[in-house]
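Fold and contact review
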Amino acid sequence: MKILVANPNRSQELLNQLMESARSRVTNPATQLIPFLNPLGSTHLDCYFADYQATWSFTREVIATVEEQDIDAVVVAGFGNFGVYALKEALNIPVLSIAECSQTLACMLGHKYSVLTVLQQNVPYQEDLVALFRLTDKCASVRGVDINIGDWSTDEGVFHNLKCAITNIVDNDGADVIVLGGARFATYAKRLEKELGITIIDPVLVTVKQAEMMVETGLIHSKKRKFHHPPQPLETYCFMGERHNRFCDKKEKS
């Protein structure tokens, strides 16, 4: 099977970190993890503006890549929205968001969970995502760590900040499961879990494993109502300014 690990931004450094997490527990030799960079995406995805800027090119390029490479499942490997519902409408294969999958899993692993995200400014965005996924009753809190992703600290500095933040969450918010709400945090999950003695979820890893399971069992999101295919052919949603886009170019020639 081929699973597209789709980074909504254009940072190769971040994609390398995503793939490290994604590959860490994939043991099936038949599973191919295909890395994807958003060619017109932002270098940072840390706010609403970045989300909306990334989505336009991300959704179209993912669809084109799925068709060209015969992909079996898509993992949207950014801890945000990034057009995941649009992709579920357009595609007839499993499309999984690391934000949705990791938080849904957290509900099964403890009484309440908390999300640890990058920047205090990003907390309202993540709280909106919790509400979008209808998980408000199970979410103890969303907390931010003010680490500027444009000026990333040393590994030990990041680890120390995450450890202090999680300790504070456990002591004050009542969470017994922590979701690392950012792909850059994912590689710290196991070390943090070992030192703090609390369940900590690497969102990239668990979503890739769920994608494997869905392909193996033939499961896919329902196309009956919410994710019904768009009412018009996909190419009709392009306009003249998008003619350079691979998705629109291919549809026009077919």
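These lines cover the structure that appears in this document, whether it is placed above or below. The residue count restarts for each chain, going from 1 along the sequence in the order it is written. Reporting of local features is limited, given that this is a predicted model, to residues whose pLDDT is at least 70; pairs of side-chain atoms are given and counted only at 80 or more, and all residues count toward the totals for whole chains, interfaces and linings. Side-chain descriptors were evaluated using all non-hydrogen atoms of the structure, hydrogens and water having been removed beforehand.

Moving on: helix α6 (residues 155-173). Note on helix geometry: an α-helix contains 3.6 residues per turn, so any two residues three or four positions apart are oriented the same way. Over its 19 residues, α6 extends 26 Å from the first C-alpha to the last, a length consistent with the 27 Å expected when each residue adds 1.5 Å. Listed as buried for α6 are V158, F159, L162, A165, I166, I169 and D173. Axial view of α6: buried residues confined to an arc of 135°, hence all on one face. Turned more than 90 degrees from where α6 packs its buried face, D171 and N172 sit exposed. Any two residues whose heavy atoms approach within 4.5 Å are treated as being in contact. Every helix listed is a DSSP run of H or I at least four residues long, and every strand listed is a run of E at least two residues long, numbered separately from the N terminus. Each element contacted by the buried residues of α6 is listed here: β5 (113-118), β6 (139-145), β7 (177-181), α7 (189-196) and β8 (199-201). A helix is expected to span 1.5 Å for every residue after the first. Only protein chains enter the accessibility calculation, which uses a 1.4 Å probe; a residue whose area is less than 20% of its type maximum is buried, one above 50% is exposed, and one in between is partly exposed. The arc under discussion is defined with respect to the helix axis, by the directions toward the C-beta atoms.

Another aspect to go through is the pattern of salt bridges. Here a salt bridge means any side-chain nitrogen of Lys or Arg lying within 4 Å of a carboxyl oxygen belonging to Asp or Glu. Enumeration according to the criterion identifies six salt bridges in this entry. Salt-bridge contacts for E100 lead to K88; the nearest nitrogen and oxygen are separated by 3.5 Å. Linking E100 in helix α4 (residues 98-109) with K88 in helix α3 (residues 84-90), this pair joins segments that are 12 residues apart in sequence. Residues E100 and K88 agree in their burial class; the two are buried.

Let us now look at the packing of α6 against α7. Running from N to C, α6 and α7 point in directions that differ by 50°, and their axes come no closer than 11 Å. With respect to α7, the axis of α6 lies oblique. The chirality of how α6 crosses α7 is right-handed. For the pair formed by α6 and α7, the contact residues are E156, F159, L162, K163, I166 and T167 on the first element and R191, L192, E195 and L196 on the second. In this classification, the charged set is Asp, Glu, Lys and Arg, the nonpolar set is Ala, Val, Leu, Ile, Met, Phe, Trp, Tyr, Cys and Pro, and all remaining amino acids, among them Gly, are polar. Tallied by class, residues from the contact of α6 with α7 come to five nonpolar, one polar and four charged. Axes, fitted as lines to C-alpha atoms, cover a helix only where it is in contact. Angles between the N-to-C directions of the axes lie from 0 to 180 degrees. In what follows, roughly perpendicular refers to angles from 65 to 115 degrees, roughly parallel to angles under 35, roughly antiparallel to angles over 145, and oblique to any angle outside these ranges. Should the near helix be turned anticlockwise from the far one by less than a right angle, the crossing is left-handed, and should it be turned clockwise, the crossing is right-handed.

In regular strands, side chains alternate between the two faces of the sheet. Of all six residues in strand β1 (residues 2-7), five are buried; the element is thus mostly enclosed. Think of it like this: strands point away, you trace from the first strand over the helix to the second, and a clockwise trace means the crossover is right-handed. Where the polypeptide runs from β1 across helix α1 (residues 12-23) and back to strand β2 (residues 32-37), its parallel neighbour, the crossover connection is right-handed. Pairing between strands is defined by DSSP: at least two bridges between the two strands are required. Bridge count for β1 against strand β3 (residues 73-76) is four bridges, and the pairing is parallel. Within β3, the residue paired with V5 across the bridge is V75.

Overall, parallel pairing links the four strands, which are arranged β2-β1-β3-β4 in an open sheet. Each edge of the open sheet is held by one strand with a lone partner, namely β2 and β4 (95-97). Neighbour-to-neighbour, the strand axes of the sheet open up by a mean angle of 20°, direction not taken into account. In the sheet, β3 pairs with β4 via three bridges, with the strands oriented parallel. Each bridged residue has a counterpart across the sheet, and for V76 the counterpart in β4 is S97. Most of the contacts of α4 go to β4, to which it runs at about 70°, and overall it touches β3 and β4.

Moving on to the environment of A30. If you trace the backbone, A30 turns up in the loop between α1 and β2. Looking at A30, the relative accessible area reads 42%, which means it is partly exposed.

Moving on to the state of the cysteines. Cysteine sulfur atoms are paired as a disulfide whenever they fall within 2.5 Å. Going through the model one piece at a time under the given rule, you end up with zero disulfides. Looking at the unpaired C101, the closest cysteine sulfur is the one in C107, lying at 12 Å.

In this fold, T31 is placed in the loop between α1 and β2. By the criterion applied in these results, polar contacts are pairs of N or O atoms within 3.5 Å in which, for protein atoms, one can donate a hydrogen and the other can accept it, and in which residues neighboring in sequence qualify only through two side-chain atoms. Of the polar contacts made by the side chain of T31, one reaches the side chain of E212; its length is 2.6 Å.

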